[in-house]
Amino acid sequence: MDSCDTPESTPRQSASSRLKDYFIGATPLQKRLESVRRQTSFVPTPPRRKIPQCSQLQEDVDPQKVAFLLHKQWTLYSLTPLYKFSYTNLKEYSKLLSAFIAAEKQKGRAVEVGEDFDIKVIFSTLLGMKGTQRDPEAFLVQILSKSQLPSENREGKVLWTGWFCCIFGDSLLETVSEDFTCLPLFLANGAETNTALIGTWFQKTFDCYFSPLAINAYNLSWMAAMWTACKMDHYMATTEFLWSVPCSPQSLDISYAVHPEDAKALWDSVHTTPGEVTQEEVDLFMDCLYSHFHRHFKIHLSATRLVRVSTSVASAHTDGKIKILCHKYLIGVLAYLTELAIFQIE
Amino acid sequence: MDETVAEFFKRIILKIPMTEMMTILKTWGFLSENQLQTVNLRQRKESLVQDLVLLCEEKRASLNDAALLDIVYTQFHRHQKVWDVFRMSKEPGEDSDLFDMEQFKSSFKKILQRALKNVTVSFRDAEENAVWIRIAWGTQYRKPNQYKPTYVVYYSQTPYAFTSSSRLRSNIPLLGQTFETHNSTTPLQERSLGLDINMDSRIIHENRIEKERVQRVTEETFGHYPQPRLEFAQYKLETKFKSDLNGGILAEREEPLRCLIKFSSPNLLEALKSLAPAGIADAPLSPLLTCIPNKGMNYFKIRDK
């Protein structure tokens, strides 16, 4: 079923077949365009998605270089395409953004806790963080305290990190002209004030727009199913769900943790289509969890709000927060998030 | 301000240890933040007392304000008193009434004032539906003695009342009477299901019968009064997966599903009580949840039998 034992798919594979690997059937955007052309009402067919394969990073990426992306909580945003952004100007951007932040601090807008040390902004590319060759290169912005030497491998005093990426973003790439760079997924870690500052500069400089990316219960269920479907050598975390019950006057939170081996056994029993996850399987998987719970407690979890899912692959919160725990499936997780981001932009 | 009231203030404040002074004054809440800031806690106690009495005078403190300060002091020093506990018994056949705090206070005061012309009664609400009552006793001809009050602490959702032992033992029966009279004079109120069908005759409740059944079962399970405050319950489940609808799933698996379920809420039992009426849970709720108050447990390990 999952092919961790087979060699990684090579970059020599054509972009279109890799895309086909990921999406079986049309994307929601393509379907909508099609139905608009035909002037029929849009009836969504249940999506199918391929189970993330292990490590689709291109060969020239050093896993250590992306290790710092794991085990961190990232706040998610969708980002509209950047106008006249150039990868050759990264040093220039670093200077401009540093100056901008310094100016804002002077005005008293950058509220920073701690001593008033000087900061340095660094733009760098994240090689290999893409789904197909067509995807633009991902890049990283970091705010460091100036006393540290900027060095990729050194653990400097990083105050804030944000990165922009696009994983299998073909549906968006097809719609924009060459002046635009599409990196619809933005992830930030650090003080919100810094995120707001950086965001303001980008919006002014590249005429783009950030929007917080919430993840609804439907997508959380999909994520739970897909990540449970991923083959793991050993599990680092339990499979856990958190529901928030809308009862008044008191709020009630229900946390439902299943041993990861048992969750996998349940999934395997539900799963029928090799290599893919279908809507029916997601629904059935969740239904089994609901009915097991109902048998014991007589509470209908389906009537409550799914707020957080957590597996050994990654954990996601409805407020748009993600933590990726497993290097092998990093691209797979980002691919789903890119899809959500693109959907929000459209 | 009356000389006796001023003297009363002086004596109460002198009782308060310096380490507790600010806390007690703040809890009392009569003097403003600004006034409290002007107080110099480093001076000798006698001078401090004088300053404070002056502040009270400025704000026109009354005897009742002094009585409240006395209650606050006593609340902080409740352990220094010896308390008697009284338990009210219900007569068989009596209905449990909805308790109205304001009505209770008012009738309590009235009864005492009717019996003894000279009596000072003060109330201060406390946590967990409790009320502290301070009674200074006088007689037909003498003003109440503020320096030998009796305290009664009544937890309205229980049949218990605590009284600080009083030298004036003759007054105990009178206190007893206040509770008796109160309970029997409270009119029986009709149980309201919260369905006001008379509101508009064009609006009907589809599942009226089911709604009423759920309401009834919920009340039978949880009772009328507020639930004990609990924030957390945890269940370790090791049971096999069984499902009638999804037959075949995990059918051959011998091993149970290992699950850990945690419920958390600022008031868990109240939240659980509201689930069935809201349609989120079935009524009756699972005994795994409803047994919590009876068993006095909130950590469970559940296995197949």
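What you see is a predicted model; the values in this text were computed from it and never measured.

Draft legend 1. Inspection of the overall build of chain A at higher detail. The helix and strand inventory of chain A stands at 10 helices and 15 strands. The buried share among the 346 residues of chain A stands at 52%. Taking the intrachain contacts of chain A between residues at least 6 apart in sequence as the baseline, contacts between residues at least 24 apart amount to 72%. Working note: accessible area of chain A is about 16000 Å², and carbon and sulfur atoms make up 52% of it.

Draft legend 2. Summary view of the pairing of strand β5 (residues 138-145) of chain A. All names here are of chain A. With 8 of 8 residues buried, β5 lies mostly within the body of the structure. Residues Ala138, Leu140, Gln142 and Leu144 point to one face of β5 and Phe139, Val141, Ile143 and Ser145 to the other, with burial holding for every one of them. Two elements, strand β4 (residues 119-126) and β5, share 8 bridges in a ladder whose sense is antiparallel. Residue pairing for β5: Ile119 is matched across the bridge by Ser145. The pairing of β5 with strand β6 (residues 158-165) spans 6 bridges and is classified as antiparallel. Paired with Phe139 across the bridge in β6 is Phe164.

Draft legend 3. Geometry of the interface of chain B and chain A. Residue-level contacts link 39 residues of chain B with 35 residues of chain A. Taking both sides of the interface into account, the surface hidden between chain B and chain A amounts to around 3100 Å²; carbon and sulfur atoms contribute 60%. Taken together, the connections running from chain B to chain A amount to 3 salt bridges. With its nearest N and O atoms 3.1 Å apart, the salt bridge here joins Asp262 of chain A to Arg253 of chain B. In this structure, the connection of chain B to chain A is made through 15 residue pairs in polar contact (both at pLDDT 80 or more). Contributing elements (two or more residues each) for the side of chain B that touches chain A: β6 (232-239), β7 (257-264), α9 (268-275) and α10 (287-295) of chain B. Among the elements that line the side of chain B that touches chain A, the one with the most residues is β7 of chain B, at 8 residues. Taken together, the residues of the side of chain B that touches chain A sort by class into 22 nonpolar, 10 polar and 7 charged. Relative to β7 of chain B, strand β11 (residues 252-258) of chain A runs antiparallel, the two sharing 6 bridges. Bridge pairing links Val258 of chain A to Cys259 of chain B in β7 of chain B.

Draft legend 4. Structural view of the packing of helix α1 (residues 3-15) of chain B against helix α5 (residues 63-76) of chain B. Residues and elements named next belong to chain B. Their axes nearest at 10 Å, the elements α1 and α5 cross at an angle of 15°. By the angle between their axes, α1 is roughly parallel relative to α5. By crossing handedness, the relation of α1 to α5 is classed as left-handed. Contacts between α1 and α5 involve Val5, Phe8, Phe9, Ile12, Ile13 and Lys15 from the first element and Leu63, Asp65, Ala66, Ala67, Leu69, Asp70 and Tyr73 from the second. When its residues are assigned to classes, the contact of α1 with α5 shows 10 nonpolar, no polar and 3 charged.

Draft legend 5. A look at the packing of aromatic side chains. Throughout the structure, instances matching the rule amount to 45 aromatic pairs over all chains. For the pair Tyr77 of chain A and Phe186 of chain A, a centre-to-centre distance of 5.7 Å together with 45° between the ring planes defines the contact as tilted. Separated by 109 residues along the polypeptide, Tyr77 of chain A in strand β2 (residues 73-79) and Phe186 of chain A in strand β8 (residues 185-190) bring together distant segments of the chain. A single burial state applies to Tyr77 of chain A and to Phe186 of chain A, both of which are buried. Seen from the ring of Tyr147 of chain B, Arg11 of chain B lies directly overhead, with NZ or CZ sitting 4.1 Å from the centre.

Draft legend 6. The arrangement of unusual backbone geometry in detail. For the bond from Ala283 of chain B to Pro284 of chain B, the omega torsion is 0°, close enough to zero to count as cis. Relative to the helices and strands, Pro284 of chain B is located in the loop between α9 and α10. A positive phi is found at Phe168 of chain A, a non-glycine position, where the angle reads about 60°. With respect to the helices and strands, Phe168 of chain A occurs in the loop between β6 and α5 (170-173). By relative accessible area, which is 6% here, Phe168 of chain A ends up buried. Here the phi dihedral of Arg60 of chain B falls at roughly 55°; this positive angle occurs in a residue that is not glycine.

Draft legend 7. Local environment of the pairing of strand β5 (residues 160-164) of chain B. Residues and elements named next belong to chain B. Looking at chain direction, strand β1 (residues 83-87) and β5 are connected through 5 bridges and run antiparallel. Residue Val85 lies in a different strand from β5, and its bridge partner there is Phe162. Hairpin connection between strand β4 (residues 150-155) and β5: a loop of 4 residues separates the two successive antiparallel strands.

Draft legend 8. Structural view of the nonpolar core. If you look at the biggest cluster of nonpolar residues, it comprises 96 residues, and the most contacted ones within it are Leu334 of chain A together with Tyr235 and Phe263 of chain B. The element best represented in this core is helix α10 (residues 330-345) of chain A, accounting for 9 residues. Those residues in contact with Phe263 of chain B that sit more than four places away from it in its chain are Leu252, Asp253, Ile254, Phe293, Phe297 and Ile299 of chain A together with Glu231, Phe232, Ala233, Tyr235, Leu268 and Leu289 of chain B. Of all hydrophobic cores here, the second largest spans 28 residues; its members include Leu82, Tyr93, Leu183 and Phe206 of chain A.

Draft legend 9. Representation of the environment of Thr273 of chain A within the structure. Residues and elements named next belong to chain A. Inspection of the secondary structure puts Thr273 in the loop between α8 (260-270) and β12 (276-278). Non-local contacts of Thr273, meaning those with residues more than four positions away in its chain, are made with Arg48, Thr278 and Glu281. Within the local environment of Thr273, its side chain forms a polar contact with the side chain of Glu281, the two groups lying 2.9 Å apart.

Draft legend 10. Quick peek at the pattern of salt bridges. For the coordinates displayed, the defined rule picks out 19 salt bridges over all chains. Two residues, Lys328 of chain A and Asp233 of chain A, come together in a salt bridge whose shortest N-O distance is 3.6 Å. A residue pair is termed long-range when its members are at least 10 positions apart, and Lys328 of chain A in the loop between β15 (321-324) and α10 and Asp233 of chain A in the loop between α7 (217-229) and β10 (239-245) qualify at 95 residues. On the accessibility criterion, Lys328 of chain A (21% relative accessible area) is partly exposed. With a closest N to O distance of 3.0 Å, Glu46 of chain B and Arg44 of chain B form a salt bridge.

Draft legend 11. A look at the confidence of the model for chain A. Residue and element names in this part refer to chain A. Averaged over all residues, the pLDDT of chain A is 81; the fraction at 70 or higher stands at 77%. At the level of individual helices and strands, chain A shows its lowest average pLDDT in helix α1 (residues 15-22), which scores 42, and its highest in β2, which scores 96. Within the model, pLDDT remains below 50 along residues 38-44, and this stretch shows 4 contacts once partners closer than five positions in the same chain are excluded. The model gives residues 55-60 a pLDDT under 50, and that stretch makes 16 contacts with residues more than four places away or in other chains.

What counts as what
Residues numbered from 1 in each chain as written. Chains lettered and ligands numbered in written order. Predicted model: local features only at pLDDT ≥ 70, side-chain atom pairs only at ≥ 80, totals over all residues. Heavy atoms only, no water. Helix = DSSP H or I, 4+ residues; strand = E, 2+ residues; numbered from the N terminus. Buried < 20%, exposed > 50% of the residue type's maximum accessible area, 1.4 Å probe, protein only. Contact = heavy atoms within 4.5 Å. Areas by Shrake-Rupley, 256 points an atom, 1.4 Å probe, with all protein chains shown as cover. Pairing = 2+ DSSP bridges. Buried area = accessible area lost by both parts, 1.4 Å probe. Salt bridge = Lys/Arg side-chain N within 4 Å of Asp/Glu carboxyl O. Polar contact = N/O pair within 3.5 Å; in protein donor to acceptor, adjacent residues only side chain to side chain. Nonpolar A, V, L, I, M, F, W, Y, C, P; charged D, E, K, R; others polar. Axes fitted to C-alpha atoms, helices over the stretch in contact; angles between N-to-C directions. Parallel < 35°, antiparallel > 145°, perpendicular 65-115°, else oblique. Left-handed = near helix turned anticlockwise from the far one by under 90°. Phe/Tyr/Trp six-rings, centres within 6.5 Å; stacked < 30°, edge-to-face > 60°. Lys NZ or Arg CZ within 6 Å of the ring centre and 35° of its normal. Core = buried A, V, L, I, M, F, W, Y, C linked by side-chain atoms within 4.5 Å. pLDDT = per-residue confidence, 0-100.

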